[in-house]
Amino acid sequence: MLENGTMTLGVNYWASHAATQMWSRWDAEEIEKDFKLLAEHGVSILRVFPTWNDFQPICAIHHAGRAEMDSYETRMFETEEHCPDTPAGYAGVDERMMERFELFCNLAEKYGFKLIVCVLTGHMTSRLFIPRALERLNLYSDPIALKWEARYIDYFVRRMKHHPAIWAWESGNETNCLGKIQNHEQAEVWLRYIHSVFRLADSSRPVIGICGLSITAAESPWVSRINADLSDYVTVHPYNMWSKAGIEEFNGIRNLFYCAAQCSALEQISGAPAFVEETGLWRPMAVSLEGLAAYQRGLLWNLWSANCRAMLWWCAFDQELFDTAPYDWAWPGLEHGLFRSDRTPQPGAKVIAGFGKFVRSMEFGALPPAKTDLLILAADHDLVHSSYILARQAGLIPAYQSPEDPLRDSPVYLLPSAKARGLLTTRRWEALLEKIRAGATLLLVWNDTYLSHLNEVCGAEVVFRRERSGTEQYAFDGFSLTLPRPVQVVFRSRGAEVLAHDSEGNPCFFRNRYGKGTVYTLGFPLEHLLYTTAGLYGSDAWKIYAEVCPKELPLSVESPFVTQSLHEFGDGRAALLLVNNGMDAFTGKAEFRKGWTFLSAHTDSPKAASYENGILSLDGNAGILLMAEKEK
């Protein structure tokens, strides 16, 4: 499961007939109908959620006169029954629920599904499902809560680890949302404790970490590198409506690269294999059903290209028919499903099924990961996303690392929109300069940057800085950019070559020799400006990256939206993946360069993508794989 170069497709599953009440309103026949439908559409992995308060229905009995919340006895159910003198009773677990879960696993095995089991599901759709005994406790630090969490996980895992349908364990659904966490130290201690309980109970299966890309503790206490150290896999749950990823068309280039950027950066920054465990949208507010299906096709092509291993859609079925919390609250979205509540498929279900069948049909099995071209030291996930789009438009495959970690080797480094010191300590900055002096290239994108020795490193200095409004036009060699200009920084050269000017003739792009290496300095925060303004990724901004890190791909395509990735097999053959990340169709000349021989073309949708006689045709969000051979 989830090997390099593969794409596993799945869903986050709640039963269509009951959603979060599926365990208390158990109906095996309805679940089997769901499973039959999912299997018919190529789903192979389910992320599933035993609701915590259903499976561990403990309540605390308090003694009069004792300190508040100091429980005297723990019992079970609303009827306050004594915990049975059994292993399940010791853990406060309802054995009837465990029997239902085992039947659920039997059905999953029957239909060929593998399960990610989120044991401690205390959070779902912004509602907490917490056992009554623990409702007002700090679930990350209170010893009573920690005791019952461990007993529940230990019993559940030991009880179910025999079952072949279970692929991996997970602490729960977004367990970083179970309450207030004090700091990253507390997050690490809790995660170390919980994952140790899993591994003591079952050392044979992977344990999946907390979701999300958090480069530093300043972004989130759940720091990705620490999370990865304690987990076998890490994941992202990207939803474009919560960030600047969502300020443009849902199936435009900004959003089509959102999942791939977050997932690939998470793997590179954390060091653990990563995948897209959950993604979706509030469908009625963003895009038509046909547009969503087109987006899902482009999403899968981009994830496969970026070696993102898996995509699990949120969620299997629409949930608009339920009048229970949280679905009857004023806030949650209800129409997220790959299938409607009556089990009829949305258009995207066919697209996902077809893409899975296409990938499985390829004779090479796994797609070799594309080689990376530059290393980006990004301080937050917005800069990850913005720099990823520009790099891919320039034909480059970016790698990422935290500015706080030891510097990895690379021929080219990028500091995108480097605010202040770009999170680089003196030690890390000096290590980077040593790489440049030894022959590497650096692109420093200015954003009120104040790293040491910048005049010497950049060969340029700031004359003055002032706040402005409106836009500015920048003239480069062969192209120009018109961008917002909230801040004007005027530079002058101190030995660097000037490569571009603003409309007033002030230099804004420099190239400077530094030791044996080269430093490029861009005098405005390119990635930040593009990310906070709609519509700018259709410009020529990517050509700045191409200037710093030129790369010749086997195929020449004249479009900033058609991106390429080269995957070499080691025997002279290579797969070239092309994806149209634009909404409009592309048809144009695309001939292989000298030294390459075209072999064959493959796609999940022949009506949407073709390559014949040197002409490439791609519908919006469509992709194609071209097999080629390099001449020896």
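Our subject in this report is the structure included herewith.

Conventions and cut-offs
- Residues numbered from 1 in each chain as written.
- Predicted model: local features only at pLDDT ≥ 70, side-chain atom pairs only at ≥ 80, totals over all residues.
- Heavy atoms only, no water.
- Phe/Tyr/Trp six-rings, centres within 6.5 Å; stacked < 30°, edge-to-face > 60°.
- Helix = DSSP H or I, 4+ residues; strand = E, 2+ residues; numbered from the N terminus.
- Buried < 20%, exposed > 50% of the residue type's maximum accessible area, 1.4 Å probe, protein only.
- Lys NZ or Arg CZ within 6 Å of the ring centre and 35° of its normal.
- Salt bridge = Lys/Arg side-chain N within 4 Å of Asp/Glu carboxyl O.
- Core = buried A, V, L, I, M, F, W, Y, C linked by side-chain atoms within 4.5 Å.
- Contact = heavy atoms within 4.5 Å.
- Pairing = 2+ DSSP bridges.
- Axes fitted to C-alpha atoms, helices over the stretch in contact; angles between N-to-C directions.
- Polar contact = N/O pair within 3.5 Å; in protein donor to acceptor, adjacent residues only side chain to side chain.

**Side note on the packing of aromatic side chains**
For the coordinates displayed, the defined rule picks out 48 aromatic pairs. Both rings, one in Phe101 and one in Phe156, keep their centres 5.0 Å apart while their planes meet at 65°; by these two values the pair is edge-to-face. With Phe101 in helix H4 (residues 95-110) and Phe156 in helix H5 (residues 143-160), this pair connects stretches of sequence that are 55 residues apart. As far as burial versus exposure is concerned, Phe101 and Phe156 are alike and both buried. Plain terms: the ring middles of Phe598 and Tyr611 are 5.0 Å apart, the flat faces sit at 70° to each other, and that makes the pair edge-to-face. Here Phe598 is found in strand E27 (residues 596-602), whereas its partner Tyr611 is found in strand E28 (residues 609-612), with 13 residues between them in sequence. Judged by its relative accessible area of 33%, Phe598 falls in the partly exposed class. Over the ring of Trp148 we find Arg151, and its NZ or CZ is 4.9 Å from the ring centre. Directly above the ring of Phe569 sits Arg573, whose terminal nitrogen or CZ lies 4.8 Å from the centroid.

**So, the pattern of salt bridges**
This structure, assessed with the given rule, holds 40 salt bridges. The closest approach of N and O atoms between Lys435 and Asp409, which form a salt bridge, is 2.2 Å. On the criterion of sequence distance, the pair formed by Lys435 in helix H14 (residues 426-437) and Asp409 in the loop between strand E14 (398-401) and strand E15 (412-420) is long-range, its members being 26 residues apart. Exposure remark for Lys435: the relative accessible area of 24% places this residue in the partly exposed category. For Asp409, a relative accessible area of 65% translates into the label exposed. Measuring nitrogen to oxygen at the nearest pair gives 3.7 Å for the salt bridge that ties Lys589 to Glu591. For Lys589, a relative accessible area of 58% puts it in the exposed group.

**What to know about the nonpolar core**
Counting residues in each nonpolar core, the largest one holds 172 residues, and the members touching the most others are Tyr13, Phe101, Trp304 and Leu526. Tallying contributions element by element places H5 first for this core, with 10 residues. Every residue in contact with Leu526, bar those within four places of it in the chain, is listed here: Leu390, Ser417, Val445, Leu481, Leu483, Ala541, Ile544 and Tyr545. In terms of nonpolar packing, the next biggest core, distinct from the first, is built from 27 residues, Leu375, Ala399, Trp429 and Trp446 among them.

**So, the sheet that holds strand E24 (residues 562-568)**
If you trace the 4 strands from one edge of the open sheet to the other, you get E24-E25-E30-E27, paired in antiparallel fashion. With partners counted over all chains shown, the strands left at the sheet margins are E24 and E27, one partner each. For this sheet, the mean angle separating the axes of adjacent strands, direction not counted, is 25°. Sheet analysis places E24 next to strand E25 (residues 573-580), joined by 7 bridges and oriented antiparallel. Opposite Ser565, over in E25, you have Leu577 as the bridge partner.

**Concerning the side chain of Asp373**
For Asp373, the position within the fold is in the loop between helix H12 (347-361) and strand E13 (374-377). Residue classification places Asp373 among the buried positions, given a relative accessible area of 16%. Polar side-chain contacts of Asp373 include one of 2.9 Å to the side chain of Lys551. If we skip the residues at most four places from it in the chain, Asp373 touches Gly395, Leu396, Ile397, Ser410, Pro411, Val412, Cys549 and Lys551.

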